[in-house]
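Architecture at a glance
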Amino acid sequence: MRSSRSTHNRSVLAGLAVAGLAIVGVLPTRAVAQTTTARILGTVLTAEAGSPVSGATVSVEGVGADIVTDPNGRFVVAGVPAGGRSIEVRRLGYEVFRQTVEVPQSGDVDLVIRLEVSAILVDPIVVTATLDPRTGAEALRPVQALGGRDLERSRGPTIAETLAGEPGVAVASMGPAPARPVIRGFAGDRILMLEDGQGIGDVSSTSADHAVAVEGSSAEQIEVIRGPAALFYGSNALGGVVNVVRDEIPRFAPVGPSGAILVQGQSVYRGVSGSGKLEVPLGRFVARGEANGRNAGDMRTPEGDLFNSDLRTWSAAAAISHVAEDGFGGVGVRVYDSNYGIAPDSVSGHPLGVDIDLNRLSVRGSGERETSFGPFEHLEVEGGHTTYDHREIEASGAVATEFDRATYYLEVEAHHEEAGPFASGGVGVRADLENYSSDNGRDEVDSRATTLSAFGVEEWRAGRFAIQGGLRLDRRVVDPQIPITVRGVEARRRTFTALAASLAGLYEVAPDIRLGASVARSTRTPSAEQLFSLGPHLATYTFEVGNPELDVETGLGADLFLRVSRPRLRAELVGFTSTIQDFIYAENTGEQRGSLFVYRFTNTEARYSGAEASVEWNPAGGLILGGNASSVRATDTEADEPLPWIPPLQGRAFARFERPSWFADASMRWATRQDRVPPRPDLPANSPDYCDRTSPGELCRVVPGEFLPTDGYAVLGGSVGYRWWNGGAEHSLTLRLDNITNTTYRNHLSRLKELAAEPGFGVSLSYRWTF
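Small disclaimer: the values here were computed from a predicted structure and weren't measured. (Residues numbered from 1 in each chain as written. Predicted model: local features only at pLDDT ≥ 70, side-chain atom pairs only at ≥ 80, totals over all residues. Heavy atoms only, no water.)

This part covers the nonpolar core. Formed by 71 residues in total, the largest nonpolar core has its most connected members in Leu-163, Val-242, Tyr-340 and Tyr-608. Once residues lying within four places of it in the same chain are set aside, the contact partners of Tyr-340 are Ala-177, Pro-178, Asp-209, His-210, Ala-211, Asp-310, Leu-311, Val-354, Asp-355, Ile-356, Leu-358 and His-390. Core analysis: the next-biggest nonpolar cluster, separate from the first, contains 22 residues, Ala-38, Ile-40, Val-60 and Val-77 among them. (Core = buried A, V, L, I, M, F, W, Y, C linked by side-chain atoms within 4.5 Å. Buried < 20%, exposed > 50% of the residue type's maximum accessible area, 1.4 Å probe, protein only. Contact = heavy atoms within 4.5 Å.)

Okay, here's the thing in structure tokens:
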């Protein structure tokens, strides 16, 4: 392994250099907007009675921090840049107010804003896989944005658990810590995990026991794109995207210090977590700091505690940004450290389990500046570096497997608004470098991958129609750094060319009803692990064999959706299908090396198809009824067999009573029985037959989980919450009950489903202070 302190220090210096490149040449030049003397003064009232609305959030374009109205509904926004500025006012229980006001060079603008009561909020603004920020109703692809009170109600110990109730999303896990979202049945590196629009740089996509190295407690919003998004993010986004939005590098100058503190306790994990963040203006600069911590014990289930499923995590971040009227440029550093356990499997693996210790250090720079180069109006440059170290430790203290990964990237994008026939669009280029190594004590893999990308997206609008199309070309070279022979084939340099294309359309049938469709061609190149792996992976109780001859995956996917966004009704119905040539997956061969089943990476043909539905209805007052359901069917069309690890028909139903200052809800998560599983592989001649895990012996082989059906379930939950405002700060308290009846159930996508049930009855209490 190439791990050493000097190498690590050189990597950090290289990361700072790459981040510096990201902001050189795009640092804004005009003075920061805080030097203006213009102010917007206003009062927010109810439309019906004219009563003051306290605790409303006021956002003004060009001013970084939001302002909260006082007990009399009044607010003052200082330092507003001159010109036409959009103002947005949000308050739970009311419709969102939006208006454009003309701001002079100096003086005051007086406003009286009246809010209409509405139990259902207007769709939040999304930034993932869009040319510009827009509401979810205007997105050209199926998208969800979880933020505000919805995020407070759902917040769990991992990003995957937080998203578990969303349509099209399931959870693949090997215990509480290593949980990862599954979208439409796609998992692993077909789902791209992002942090503020950039890759995380961990190895969570390579194996079920690897945790996602992102802390979600400080997230402002989590966005999910269902379906191919390779056009925006490269070939790995074949199944979907999850973007954790926290605006780590400030883009705007706040009027004064702002921040938030969150504390949460969860009984089912015997855990407590906390996070805090602070953003402070310093003249022409803005500084931001953040810290998070989480400590949890073994998970409680109706059948008892899951031994060695504890978790300890901490992270911290700091950033500074130069902000002006014509753009911004900044740099940020983030550290993430985690130690968690993998439950033991006395039959197939270690009787005392495995501990995993990982740390991630990322440095990134980002800049944006107005420009007048041809049709383009602003330029964005971003670059960064991430180092990731991961060790899997046996009970004896010996390191069984170690992974190191170092990534570098530099991306330049140019965007325009109206230009010729196009309403908006952009072009970009990107370069990525990845150094990857793994060592299981027997075999070592060391590889380097470089990727060059070019892409362009254009959007055309005419009346009720919006059409978006684009192309992306990725050229990736994977080069082994040490000699290795896998399955009798010597690993060699591989070059892959991936072409992605997408065409999406949206038609406004009526002011609140939209019909959308998209077709996307995506390509995905094999990872270094899939090409060169050879040896045991003890944390997952497998023996993995790569394939240096793997071909590139090519997928063709289509979506058709109907979306309703009315004040008292929000609904979406989606149908989708994806056909994938040369689909790469780890096939269980039926062979064993010691107690470990041998998994071999191979190409096949695959088809995914399914449907999703979601609805929220406000029949009267503050009552909201809603739910969602998702179904996917995945088939190995070459063998005419089901693909493994595909979620069953599942969904969620809820009833909620929402008021501006409090809420209460009851919910049920459910899933049907999943018995569409692949057949067990033929065992080698003269070998013992399969047997049930509850009665293993020397003369039989335990059935791996992907071949076992899983019963359906229904789990009840509920929550209540209260908000209040004091001195311009917002306070919220949320109490949540999970699995109220302590039901014993299994998650079909859990690698431990034969060993342990899912979490039992639990109480979660969280407090958040925003100022």
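Next comes the rest of the description.
Take the sheet that holds strand β16 (residues 240-245) next. Strands sit in the order β10-β15-β16-β13-β14 across an open sheet of five strands; the sheet is mixed. Since the sheet does not close on itself, it has two edges, and those belong to β10 (143-147) and β14 (198-199), each with one partner. Pairing of strand β15 (residues 221-226) with β16, which is carried by six bridges, proceeds in the antiparallel orientation. Bridge assignment links Ile-222 to a residue of β16, and that residue is Val-244. (Pairing = 2+ DSSP bridges. Helix = DSSP H or I, 4+ residues; strand = E, 2+ residues; numbered from the N terminus.)

Before going further, it helps to spend a moment on the pattern of salt bridges. Tallied over the full model, the rule gives 45 salt bridges. Here Arg-492 and Glu-549 are joined by a salt bridge, their closest N and O atoms 3.1 Å apart. Taken together, the residues Arg-492 in the loop between β31 (489-490) and β32 (494-510) and Glu-549 in the loop between β35 (542-545) and β36 (553-566) connect sequence positions 57 residues apart. By relative accessible area, Arg-492 is classed as partly exposed at 38%. Among the salt bridges present, the one from Glu-658 reaches Arg-656, with a minimum N-O distance of 2.8 Å. Judged by relative accessible area, Glu-658 falls into the buried class, the value being 4%. Several salt bridges converge on common partners, so that one network encompasses Glu-195, Arg-246, Glu-248, Arg-288, Glu-290, Arg-334 and Arg-360. (Salt bridge = Lys/Arg side-chain N within 4 Å of Asp/Glu carboxyl O.)

Bringing empty space enclosed by the protein into the picture now. Scanning the model with the defined rule gives 14 cavities of 30 Å³ or more in all. What lines the second largest cavity is a set of 19 residues, and nearest its centre among them are Phe-403, Tyr-436, Ser-438, Ser-533 and Glu-544. Only β26 (399-416), β27 (424-439) and β34 (534-537) provide two or more residues apiece to the lining of the second largest cavity. Here the lining of the second largest cavity takes four residues from β34, the largest share from any one element. Partitioned by chemical class, the residues of the lining of the second largest cavity number six nonpolar, nine polar and four charged. (1 Å grid on protein atoms, 1.4 Å probe; cavity = no way out; pocket = protein on both sides within 12 Å on 5 of 7 lines; lining within 4 Å. Points joined across faces, edges and corners; volume = space filled by probe spheres on them. Nonpolar A, V, L, I, M, F, W, Y, C, P; charged D, E, K, R; others polar.)

A separate point is the pairing of strand β6 (residues 97-103). Along any regular strand the residues' side chains alternate between the sheet's two faces. Judged from the seven bridges that link them, strand β5 (residues 83-90) and β6 form a sheet pairing that is antiparallel. Paired with Val-89 across the two strands is Phe-97, which belongs to β6.

Turning next to a nonpolar patch on the surface. On the surface, Val-615, Trp-617, Leu-623, Leu-625, Phe-657, Trp-662 and Tyr-722 cluster together into a nonpolar patch covering about 620 Å² of accessible area. For the nonpolar patch, the secondary structure elements donating two or more residues are β38 (596-620) and β39 (623-636). Looking at where Phe-657 falls in the secondary structure, it is placed in strand β41 (residues 650-658). Its relative accessible area of 34% is what places Phe-657 among the partly exposed residues. (Patch = residues over 30% accessible without salt bridge, like charges linked within 9 Å, V, L, I, M, F, W, Y side chains within 5 Å. Areas by Shrake-Rupley, 256 points an atom, 1.4 Å probe, with all protein chains shown as cover.)

A word on the sheet that holds β6. Read across the sheet, four strands follow the order β3-β2-β5-β6 without closing on themselves; strand pairing throughout is antiparallel. Two strands close off the open sheet at either side, each with one partner strand: β3 (67-68) and β6.

Right, let's get into the pairing of β15. Most of β15 is tucked away, with six of its six residues classed as buried. Side chains Gln-221, Glu-223 and Ile-225 project from β15 onto one buried face, and the interleaved Ile-222, Val-224 and Arg-226 project onto a second face that is buried too. As paired strands, β10 and β15 are joined by five bridges and run antiparallel to one another. Across the sheet, the residue bridging to Gln-144 is Val-224, located in β15.

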